[in-house]
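Okay, here's what each chain looks like letter by letter:
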Amino acid sequence: HFPEENGLAWKSRSLNSMAYSYCMQGNKKKAIVTVDEAIAINPNTLDYLDSKGELLYLSGEYESALEIWEHIQSLDKYFQKNGWVDKSKTKIDAR
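Residues numbered from 1 in each chain as written. Predicted model: local features only at pLDDT ≥ 70, side-chain atom pairs only at ≥ 80, totals over all residues. Heavy atoms only, no water.

**Describing the side chain of Asn42**
Using the following cut-off: The helix and strand labels rest on DSSP assignments: H or I over at least four residues marks a helix, E over at least two residues marks a strand, and numbering proceeds from the N terminus. In protein, a polar contact means a hydrogen-donor-capable atom and an acceptor-capable atom, both N or O and within 3.5 Å, with residues adjacent in sequence counting only if both atoms are side-chain atoms; elsewhere, any N or O pair within 3.5 Å suffices.
In this structure, Asn42 sits in the loop between α2 (28–41) and α3 (46–58). Among the polar contacts listed, one links the side chain of Asn42 to the side chain of Ser12, at a separation of 2.8 Å.

Written out as C-alpha cells, the structure is:
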C-alpha cells in the first residue's frame, strides 16, 4: 500500500501520521491540510484517501467523507470502512 515513488514514501507516511496527531490535538483543519500533503506525494495510496475520509468525518464533514470513501470503493471494490460509510449516511440523513 505504500509505493516507494521518488523516495518520498517515508515523508507521506509521516505526514499521514502527523495528520492524526493534529486531529487528536483538536486541530482538524490542520489535520486535513496535512493529509492532503501526503496525498499530493502519493495520490494513488488508498490508505491516505481513507485517512482523509476519517478526518473529514471527525470534522463533521460527512458528505465529503462519504464522497472520498465512495471514490475509494470505485477504485477497490473490496474496500470496507467498518461501518463508517453507513454512519456517514445516517448523519447526512439526520440533517
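**Looking at the packing of aromatic side chains**
The condition that has to hold: Ring pairs shown here join Phe, Tyr and Trp side chains whose ring centres sit within 6.5 Å, with only the six-membered ring taken for Trp; geometry is labelled stacked below 30 degrees between planes, edge-to-face above 60, and tilted in between. For every residue, the accessible area obtained with a 1.4 Å probe (protein chains only) is divided by the maximum for its type, and the residue is called buried under 20%, exposed over 50%, and partly exposed between those limits.
Under the counting rule described, the total for this entry stands at two aromatic pairs. Summarising the aromatic geometry, the rings of Tyr57 and Tyr62 are spaced 5.0 Å apart at their centres and angled 65° between planes, so their arrangement reads as edge-to-face. Neither residue differs from the other here; Tyr57 and Tyr62 are each classed as buried. An aromatic cluster of three or more residues is present, and its members are Tyr57, Tyr62 and Trp69.

**Structural notes on the packing of helix α1 (residues 9–24) against α3**
We count it as follows: Comment: axis = line fitted to C-alpha atoms, over the contacting stretch for helices; angle = value between 0 and 180 degrees taken between N-to-C directions. Just so you know how the angles are binned, under 35 degrees is roughly parallel, over 145 roughly antiparallel, 65 to 115 roughly perpendicular, and the rest oblique. With the far helix as reference, a near helix turned anticlockwise by less than a right angle produces a left-handed crossing, and one turned clockwise produces a right-handed crossing. When checking whether two residues touch, look at their non-hydrogen atoms; a contact exists if any pair is within 4.5 Å.
Put simply, α1 and α3 touch, their axes get as near as 11 Å, and they point 15° apart. The angle between α1 and α3 places the two elements in the roughly parallel class. Of the two elements, α1 crosses α3, and the hand of that crossing is left-handed. In contact with Ala9, Ser12, Arg13, Asn16, Ala19, Tyr20 and Cys23 of α1, α3 contributes Tyr48, Ser51, Glu54, Leu55 and Leu58.

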